[in-house]
Amino acid sequence: MALNTSADAPLPVGEVSRLIGGWIDRLGAVWVEGQITQLSRRPGAGVVFLTLRDPSYDISVSVTCYRQVFEAVADVVSEGARVVVLAKPEWYAPRGQLSLRATEIKPVGVGELLARLEQLKKSLASEGLFAADRKKALPFLPQLIGLVCGRASAAERDVLENARHRWPAVRFEVRNVPVQGVHAVPQVVQAVKELDALDTVDVIIVARGGGSVEDLLPFSDEQLVRAVAACRTPVVSAIGHEPDNPLLDFVADLRASTPTDAAKKVVPDVGEEYERVRFLRDRARRSVQSFIDREERGLAHALARPSIEDPHRMVDERADQVSALLDRGRRTLGHLLDRADSELTHTHARVVALSPAATLQRGYAVLQKTDGHVVRDADEVEAGEALRARVAEGEFTVRVDA
């Protein structure tokens, strides 16, 4: 219930603490899961003190239980173990401190962890976080590689040494973080976000050596999976060994079986690239040389043709034919002209011989009426009719006698 307080009528600290304790006392017992980060078992003490931490978030809570409650699981529970406890919230008024009073503790077995991971995997896959079409391609030659790994770890050494052996000029931006335990998830997430925010980082490698299922749990955490899914920079997962498959492998843009494999997949080998360049250069040189040789052979073949070797030869060979044809044409035309001239002469002679003028030259005369009609029959004229007589050298008038 809300309290009626003001600056003039405040509540004492003790009263506030008492009220908080009263509200908390009304809460029932709850099952709580977490990871034990601190364990205090004082000899002879009847109470055991624990600290439970949420691996995904920076949140812890104190837990107390009677010794006989903890002794039931003391052989299988230690610091770093994941447990489920049945506890009732308690409020310690003098210090204003919240804690849990545990009445039952159960260790979380590997089988149960794997079942929960499988359920989380299906849930994240249904959201499309593991889809192949959202994965980004790695650059061929990254200039700066972000590396998230344990401090002075074998994974860090394997990645750095193998990458620099393959491409000596490659540079790294390293973030050393805890790779197991309660602080692993938030610090790995923070390191990934920091590297993703750098525009100069071309690819990010998250690397860790092998370990048990419990040791690799931070890399199956939902918070880390979502952080990697949100990265704009390609991320490579190199966790554990070949059989290990944390959820980070499924959301990453590339999965490497080991940290050494990650270095091989991210950085090209300078020797192999040199050989590839040399091979392509030799292949290009052979192709160009083959093209030049083929064109030279074609040019030599073209130059060896008679028409190219002696261009005037064809003209010279045809010159005599042209001259012969020209002479032949001239002779043919001359014959045609001579024959036509002869035919014309004969025709002219015949025409002259048959013309009326020639007849008149032989002493004949043509009689015409006054209207120009030629007289061919004696019955055509009458006595006393005047006619015109045409002779070779002129004409004159005559009159018809009875």
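Anything mentioned here points back to the structure above.
A brief report on the enclosed structure follows.

Basis of the calculations
- Residues numbered from 1 in each chain as written.
- Predicted model: local features only at pLDDT ≥ 70, side-chain atom pairs only at ≥ 80, totals over all residues.
- Heavy atoms only, no water.
- Helix = DSSP H or I, 4+ residues; strand = E, 2+ residues; numbered from the N terminus.
- Rg over C-alpha atoms; globule rule 2.2 N^0.38 Å.
- Contact = heavy atoms within 4.5 Å.
- Areas by Shrake-Rupley, 256 points an atom, 1.4 Å probe, with all protein chains shown as cover.
- Lys, Arg positive; Asp, Glu negative; His and termini not counted.
- Charge placed at Lys NZ, Arg CZ, Asp CG, Glu CD.
- Buried < 20%, exposed > 50% of the residue type's maximum accessible area, 1.4 Å probe, protein only.
- Axes fitted to C-alpha atoms, helices over the stretch in contact; angles between N-to-C directions.
- Parallel < 35°, antiparallel > 145°, perpendicular 65-115°, else oblique.
- Left-handed = near helix turned anticlockwise from the far one by under 90°.
- Nonpolar A, V, L, I, M, F, W, Y, C, P; charged D, E, K, R; others polar.
- Phe/Tyr/Trp six-rings, centres within 6.5 Å; stacked < 30°, edge-to-face > 60°.
- Lys NZ or Arg CZ within 6 Å of the ring centre and 35° of its normal.
- Disulfide = S-S within 2.5 Å.
- Pairing = 2+ DSSP bridges.
- Polar contact = N/O pair within 3.5 Å; in protein donor to acceptor, adjacent residues only side chain to side chain.

Notes on the overall build of the protein chain
When helices and strands are counted, the protein chain shows twelve helices and 13 strands. A compact globule built from 402 residues should have a C-alpha radius of gyration of about 21 Å, whereas the protein chain, at 61 Å, is more than 25% larger. Looking at the protein chain alone, contacts between residues at least 24 apart form 60% of all its contacts between residues at least 6 apart. For the protein chain, the exposed area adds up to about 25300 Å²; of that, 55% sits on carbon and sulfur atoms. Averaging the positions of the 52 positive and the 58 negative side-chain charges in the protein chain gives two centres separated by 6 Å.

Some remarks on helix α8 (residues 259-266)
Within the span of α8, buried status applies to P259, D261, A262, A263 and V266. Where α8 is buried, its residues contact β6 (144-149), α4 (154-166), β8 (203-208) and β9 (235-239).

Here we look at the packing of α4 against α8
Where α4 meets α8, the closest approach of the two axes is 8 Å, and the angle between their N-to-C directions is 30 degrees. On the basis of their axis angle, the class for α4 and α8 is roughly parallel. You can see that α4 and α8 cross each other, and the crossing is right-handed. For the pair α4 and α8, contact is made by A155, D158, V159, N162, A163 and R166 and by P259, T260, A263 and K264, respectively. For the contact of α4 with α8, the per-class residue count stands at five nonpolar, two polar and three charged.

Notes on the packing of aromatic side chains
On inspection of all chains with the given rule, the structure shows one aromatic pair. Aromatic side chains F130 and F250 sit 5.7 Å apart centroid to centroid with 35 degrees between the ring planes, which places their arrangement in the tilted category. You can see F130 sitting in the loop between α3 (110-126) and β6 and its partner F250 sitting in helix α7 (residues 247-251), a full 120 residues away along the chain. Note on F130: relative accessible area 15%, which makes it buried. Taking the relative accessible area as the measure of exposure, F250 reaches 25% and is therefore partly exposed. Between R101 and the ring centre of Y66, over which it is positioned, the NZ or CZ distance is 5.1 Å.

Comments concerning the state of the cysteines
Two cysteines, two sulfur atoms, one covalent bond between them: this is a disulfide. A complete count under the given rule lists zero disulfides for this structure. C149 carries a free sulfur, and the closest cysteine sulfur to it, the one in C231, is 16 Å from it. Exposure remark for C149: the relative accessible area of 0% places this residue in the buried category.

Structural notes on the sheet that holds strand β12 (residues 386-391)
Backbone hydrogen bonds hold the strands of a sheet together, and the pairing may be parallel or antiparallel. Spatially, three strands are ordered β11-β12-β13 in an open sheet, and the strand pairing comes out antiparallel. Two strands bound the open sheet, and with one partner strand each, they are β11 (366-368) and β13 (394-399). Each neighbouring strand pair of the sheet contributes to a mean axis angle of 30 degrees, computed without reference to strand direction.

A word on the side chain of T233
Position of T233 relative to the elements: it lies in the loop between α6 (222-229) and β9. A polar atom in the side chain of T233 sits 2.8 Å from the side chain of D196.

Regarding the sheet that holds strand β1 (residues 30-40)
Taken in spatial order, the five strands line up as β1-β2-β3-β5-β4 and close into a barrel, and their pairing is mixed. Across the sheet, the mean angle separating the axes of adjacent strands is 55 degrees when strand polarity is ignored. As paired strands, strand β3 (residues 59-66) and strand β5 (residues 97-107) are joined by four bridges and run parallel to one another. The partner of C65 across the bridge, within β5, is A102. Against the sheet, helix α1 (residues 13-25) engages β4 (82-92) and β5, with an angle of about 140 degrees to β4.

Regarding unusual backbone geometry
The backbone of A152 shows a phi angle near 55 degrees, a positive value even though the residue is not glycine. Looking at where A152 falls in the secondary structure, it is placed in the loop between β6 and α4. Note on A152: relative accessible area 71%, which makes it exposed.

Topic: the environment of E15
Position of E15 among the secondary structure elements: in helix α1. It is 56 Å that separates the C-alpha atoms of E15 and D253, two residues lying 238 residues apart in sequence. A distance of 2.3 Å separates the side chain of E15 from the side chain of R18, its partner in a polar contact.

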